[in-house]
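# Structure at a glance
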There are 2 protein chains.
Amino acid sequence: MGIIFSRQCEYALQAILHLASQPRDSMTSIRELAAKLDIPYHFLAKILQSLATKGILNSQRGPAGGFALSKPPEEINLISVVEAIDGLAISNQCVLGFPECGGSNPCALHHQWGDIREAVQKMLMNKSIAKLSRETRLSRT
Amino acid sequence: MGIIFSRQCEYALQAILHLASQPRDSMTSIRELAAKLDIPYHFLAKILQSLATKGILNSQRGPAGGFALSKPPEEINLISVVEAIDGLAISNQCVLGFPECGGSNPCALHHQWGDIREAVQKMLMNKSIAKLSRETRLSRT
DNA sequence: GTAATTTCAGACAAGATAGTCTGAATATAT
DNA sequence: ATATATTCAGACTATCTTGTCTGAAATTAC
Ligand code: SF4
Ligand code: SF4
């Protein structure tokens, strides 16, 4: 697992970020993505397939086929990607791992963690792929 | 894995929290801790041993033996526990999982994630076990 | 000194996540 | 039609995390 997202989720974000930098009408193959991003081919394949069935990507078979964003990058925010791969545990579960404690009788950490969690969610919701891609291109070669 | 800390780390925090609620000079056995917190006995044993070798807990063998905090709970902050179990990855690694990117040419997420990361660290550093235990006792039964 | 109770140490098993492999289905180009 | 390039589907392996088991070493009580 990555630091906060699963490995799969990290790969998904990286891939989508790359797709956003490509011309909107073109398809990008797994082969190319895997090579550029240095992600295991077949592992990436599964992740992309999963994103396709969830409606985030379009897929096209055959030569010149591949994947592309299903919506303009302005309309895709990070949280929808995270949710598609990792689910919503990050929004609900307890940081300390206490089993029976939804927050009805919150401990000291709950509020402070709540603030942080909110910040994360806001960040993920407000950041569209478009924004992120634009800013990323500025700084990463 | 838990949501942000490993399962081990969650258990460690729970155990330490419980130890902080016990009289300072008494020892608490693994058996008792495992039962009260509903944590697998031998798994907890390893975690406590690990915390003992790292100097966070004292241990005592034989009947009436067990574990106790090595320092008054005011002097133990959460981050030292997290560091002992999970290491410092949370402080250093990239959220997106990009390999070669320590932040020298940061992407758009880096700064925002940086803010959040700082908030987490501040929270973990400022919250002593004593504080947390006190406030926890108020709200949990 | 013997029995009981505990931590300590390390091997082992189970489960989850990550990654690999093979082949079928589909689309394109010649 | 045939060859080629791709996604699609699913079984399989590897690795890491979590959890279990067994027995030794230490301490206390009698
Ligand atoms: S109140 Fe504390 S223990 Fe309960 S869910 Fe919130 S952070 Fe976890
Ligand atoms: S700049 Fe972006 S990609 Fe690089 S370490 Fe920071 S968050 Fe990760």
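Notes on the structure follow. (Residues numbered from 1 in each chain as written. Chains lettered and ligands numbered in written order. Predicted model: local features only at pLDDT ≥ 70, side-chain atom pairs only at ≥ 80, totals over all residues. Heavy atoms only, no water.)

## Digging into the pattern of salt bridges
Residues and elements named next belong to chain A. Using the following cut-off: Note on definitions: salt bridges are taken to be side-chain nitrogens of Lys or Arg within 4 Å of carboxyl oxygens of Asp or Glu. Numbering goes from the N terminus for both helices and strands, where a helix is a DSSP run of H or I of at least four residues and a strand is a run of E of at least two. To sort residues, take the accessible area from a 1.4 Å probe on protein chains only and compare it with the maximum for the residue type: under 20% means buried, over 50% means exposed, and anything in between is partly exposed.
Under the defined criterion, the tally for this structure stands at 2 salt bridges over all chains. Residue Glu32 is joined to Lys36 by a salt bridge in which the shortest nitrogen-to-oxygen separation is 3.3 Å. You can see Glu32 and its partner Lys36 sitting in helix 2 (residues 30-37), 4 residues apart, about one turn around the helix. Overall, the relative accessible area of 28% leaves Glu32 in the partly exposed class.

## Brief notes about the protein's contact with DNA strand D
Stated formally: We call a residue near a molecule or strand as soon as one heavy atom of that residue lies within 4 Å of the molecule or strand. We call two N or O atoms a polar contact when they sit within 3.5 Å, provided that within protein one can donate a hydrogen and the other can accept it, with sequence-adjacent residues counted only if both atoms are side-chain atoms. Only Asp, Glu, Lys and Arg are considered charged in this grouping, and only Ala, Val, Leu, Ile, Met, Phe, Trp, Tyr, Cys and Pro are considered nonpolar; every other residue, Gly among them, is considered polar.
The local shell around DNA strand D holds 26 residues, among which Ile30 and Ser59 of chain A together with Arg7, Phe43 and Pro63 of chain B are the closest. Within 4 Å of the protein, the atoms of DNA strand D are drawn from sugar and phosphate moieties in a proportion of 67%. The backbone of Ile30 of chain A places a nitrogen or oxygen atom 2.8 Å from a phosphate oxygen of DNA strand D. Listed by contribution, the elements that provide at least two residues to the surface near DNA strand D are helix 2, helix 3 (41-53), strand 1 (57-60) and strand 2 (66-69) of chain A together with helix 1 (7-20) and helix 3 (41-53) of chain B. Split by residue class, the surface near DNA strand D holds 9 nonpolar, 11 polar and 6 charged.

## Notes on the environment of Ala52 of chain A
Residues and elements named next belong to chain A. Worth spelling out the cut-off: Throughout, a residue-residue contact means that at least one pair of heavy atoms, one from each residue, lies within 4.5 Å.
Tracing the sequence through the fold places Ala52 in helix 3. Considering only alpha carbons, one finds Ala52 and Thr28, 24 residues apart in sequence, at a separation of 13 Å. Setting aside anything within four residues of it in sequence, one finds Ala52 in contact with Leu57, Ser59 and Phe67.

## Examining the packing of helix 2 (residues 30-37) of chain B against helix 3 of chain B
Residues and elements named next belong to chain B. To keep things clear, this is the line we draw: To define axes, lines are fitted to C-alpha atoms, for helices over the stretch in contact only, and angles between the resulting N-to-C directions are given on a 0 to 180 degree scale. Our angle categories are set so that under 35 degrees counts as roughly parallel, over 145 as roughly antiparallel, 65 to 115 as roughly perpendicular, and the remainder as oblique. Left-handed describes a crossing in which the near helix is turned anticlockwise from the far one by less than a right angle; the clockwise case is right-handed.
One way to put it is that helix 2 packs onto helix 3 with a least axis distance of 9 Å and a crossing angle of 120°. Considering the angle they form, helix 2 stands oblique to helix 3. At the point where helix 2 passes helix 3, the crossing takes the right-handed sense. Taken together, the residues of helix 3 that come into contact with helix 2 (itself represented by Ile30, Arg31, Leu33 and Ala34) are Tyr41, Leu44, Ala45 and Leu48.

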